[in-house]
Amino acid sequence: MLSPRLQLKVSQKQILTPGLVQMVTVLQLNRLELKDMITQEISENPVLEETADGVEELTPEEVQAILERERESEPSDQTILETVNGAAAPEVEPPGDAGDFSDSLPAFERDGSAPATAEATATAPAPETETTEPKTDKDPFDEIDFGTFFDEYLDPGYKSPASESVEKPSFETFLSSPVTLADHLHSQLSVLVMPEEVRDAAANIIGNVDENGYLTATLEEIAESGQHTLDEVKEGLRIVQSLDPAGIGAKDVRECLLLQLESRNGHGGVAWQIVANHLKLVETRQIKEIAKQLGRPLEHVQMALDVIRHLDPYPGLRYSGPGARQVEPDVYIFKESDEYIIQLNDDDLPQLRLNAQYRKMLDRDQEPSKEIRNYVKDRYAAAIQLIKNIEQRKQTILKVCQSIVRRQLEFLEHGIDQLKPMMIKEVAEEIGVHPSTVSRAVASKYADTPQGVFELRYFFSEAVQGVAGSATPLLILKRRVKKMIEDEDTQHPLTDEQITARLKEEGIDVTRRTVAKYREDMKIPSTHQRRIRN
């Protein structure tokens, strides 16, 4: 029977503390992500601040002392107060006597030719034996604002930044934005003469063109959604398909290629007939069959196929593609003399320090509110934990890169063909951490090496089975398979079994299914599709 019961049970659970969670998060961030995180932490934690000169206000020894105090069983406000006192500003020495102070005054004040200013009078302590002179009128010469005089009168063509504060546009406003496919088409559509109804229909058609340049909606759907007639939509489609780049607005690859051939005045030619009626034979490379059905010489068919190969099946990608990926290295690996140097890319990374001004809020005498003292103490602890985790991330990445350099010296010297198999588990055992730590340390991070910029995960590859395969990573095996296919006879291409047999002759033990998988990963067609029939 079901009934509520109370039971006692003893169990062991692994619980991640907030500090450990932050350490794991910081470790897997790349340089740009870490910069954003530090900027956010500075804005949220008033105790953290960025140093202007790159020098930390607290030394590593002081930070370590703070961390040791945090591990005490009974931490108190006084502990953190004593810690941050080391970062306090130096005390100002008391001013000298009246005689020393008079030496720093201008000559005309020491001589008594002109009265001292109010600021000097307030600073200098008057001798007790002398009487204070009566206050005289202010010198009219001192009332002149020379800064305004020079700014407004002597140089009318220039206004100093102090006298004229104008909010200027940011530098990003002057950067040119990339031209999208829709922008390119609308710019051409705006200079053409046509009825407004057709122009609206053409604009709706452009809105239904995907990034590849193909029309994703039917003409009936466009007419119904835009309240156009079918004739207006057809005329708008004709105008859109006449725009640059050629092939825009097609419903499939066949129509896209035909539009490109028509833009080259190739309507009705051999290439146009092949695309219109024999596109399947082109995919299987049955050249003789195409020449037989068209009744054309084989040379004419070869020339037409060369024209078709130069057509673009995705004409819109040149405007809407992702473009080149920009990568900023996290690590620099370069050679000096006979040794390789590893240097982390810390440019533009905010250098953190602890703001000692908040130490007053930890003193019970100056801040009676316990809630405020506890808040400031928690902020100090969070700031210390973040600084420690950032330093831990730096040391872990350096150790991993040092292990990579020791194992991949031949790659750094001679190139990718000398890449050696290397497992994450092996590096983790060498530097004394868990494999997941190494995996996070190399995630989304790039290294600038003498052979180029590579992702750190690129250096980790499993070894292939076999006598010679034990020293061959999978990446090099794929390159060998691709090289064999590139050098094959196109009339008699290599089968997967033949590639497997060649690899076994070289001492690499792989199966036919493995070779087929690697070939598909590299998007290489099958033997039947690669064969060219004359």
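These notes cover the structure that comes with them. Fair warning: this is a prediction, and the values are worked out from it, not measured in the lab. (Residues numbered from 1 in each chain as written. Predicted model: local features only at pLDDT ≥ 70, side-chain atom pairs only at ≥ 80, totals over all residues. Heavy atoms only, no water.)

**Describing a nonpolar patch on the surface**
For step 1, the next point in the chain: A surface patch of nonpolar side chains, amounting to about 230 Å² of accessible area, comprises Leu16, Leu20 and Val21.
For step 2, the next point in the chain: Structurally, the position occupied by Leu16 is in the segment before α1 (18-27).
For step 3, the next point in the chain: Overall, Leu16 belongs to the partly exposed group, its relative accessible area being 49%. (Patch = residues over 30% accessible without salt bridge, like charges linked within 9 Å, V, L, I, M, F, W, Y side chains within 5 Å. Areas by Shrake-Rupley, 256 points an atom, 1.4 Å probe, with all protein chains shown as cover. Salt bridge = Lys/Arg side-chain N within 4 Å of Asp/Glu carboxyl O. Helix = DSSP H or I, 4+ residues; strand = E, 2+ residues; numbered from the N terminus. Buried < 20%, exposed > 50% of the residue type's maximum accessible area, 1.4 Å probe, protein only.)

**Considerations on the packing of helix α23 (residues 474-486) against helix α25 (residues 512-521)**
For step 1, the next point in the chain: In contact at an axis separation of 10 Å, α23 and α25 are set at 80° when each is read in the N-to-C sense. Comparing the axis directions of α23 and α25 gives the class roughly perpendicular. In this structure, α23 uses Leu474, Leu477, Lys478 and Ile485 to contact α25, whose residues at the interface are Tyr518, Arg519 and Asp521.
For step 2, the next point in the chain: Of the residues contributing to the contact of α23 with α25, the split by class is four nonpolar, no polar and three charged. (Axes fitted to C-alpha atoms, helices over the stretch in contact; angles between N-to-C directions. Parallel < 35°, antiparallel > 145°, perpendicular 65-115°, else oblique. Contact = heavy atoms within 4.5 Å. Nonpolar A, V, L, I, M, F, W, Y, C, P; charged D, E, K, R; others polar.)

**What about the sheet that holds strand β5 (residues 446-449)?**
For step 1, the next point in the chain: Here we have four strands laid out as an open sheet, ordered β3-β2-β5-β6, and mixed in their pairing. Either end of the sheet is taken by a strand with one partner, and the two such strands are β3 (339-344) and β6 (452-455). If you compare each strand with its neighbour and ignore which way they point, the axes differ by 25° on average.
For step 2, the next point in the chain: With four bridges joining them, β5 and β6 adopt antiparallel strand pairing. Looking across to β6, one finds that Ala447 is bridged to Phe454. (Pairing = 2+ DSSP bridges.)

**Describing α1**
For step 1, the next point in the chain: Burial in α1 covers these residues: Gly19, Gln22, Val26 and Leu27. Along the long axis of α1, the arc covered by the buried residues comes to 130°, so they all point the same way.
For step 2, the next point in the chain: Where α1 is buried, its residues contact α2 (31-44), α19 (370-407) and α22 (435-441). (Arc of directions from axis to C-beta.)

**Some remarks on the pairing of β3**
The side chains of a regular strand alternate, first on one face of the sheet and then on the other.
For step 1, the next point in the chain: Only one face of β3 is covered, namely the face carrying Tyr340, Ile342 and Leu344; the face carrying Glu339, Ile341 and Gln343 is uncovered.
For step 2, the next point in the chain: In the sheet, strand β2 (residues 331-336) pairs with β3 via six bridges, with the strands oriented antiparallel. Paired with Phe334 across the two strands is Ile341, which belongs to β3.
For step 3, the next point in the chain: In this antiparallel pair of consecutive strands, β2 and β3, the connection spans two residues, and Ser337 shows a positive phi of 60°.

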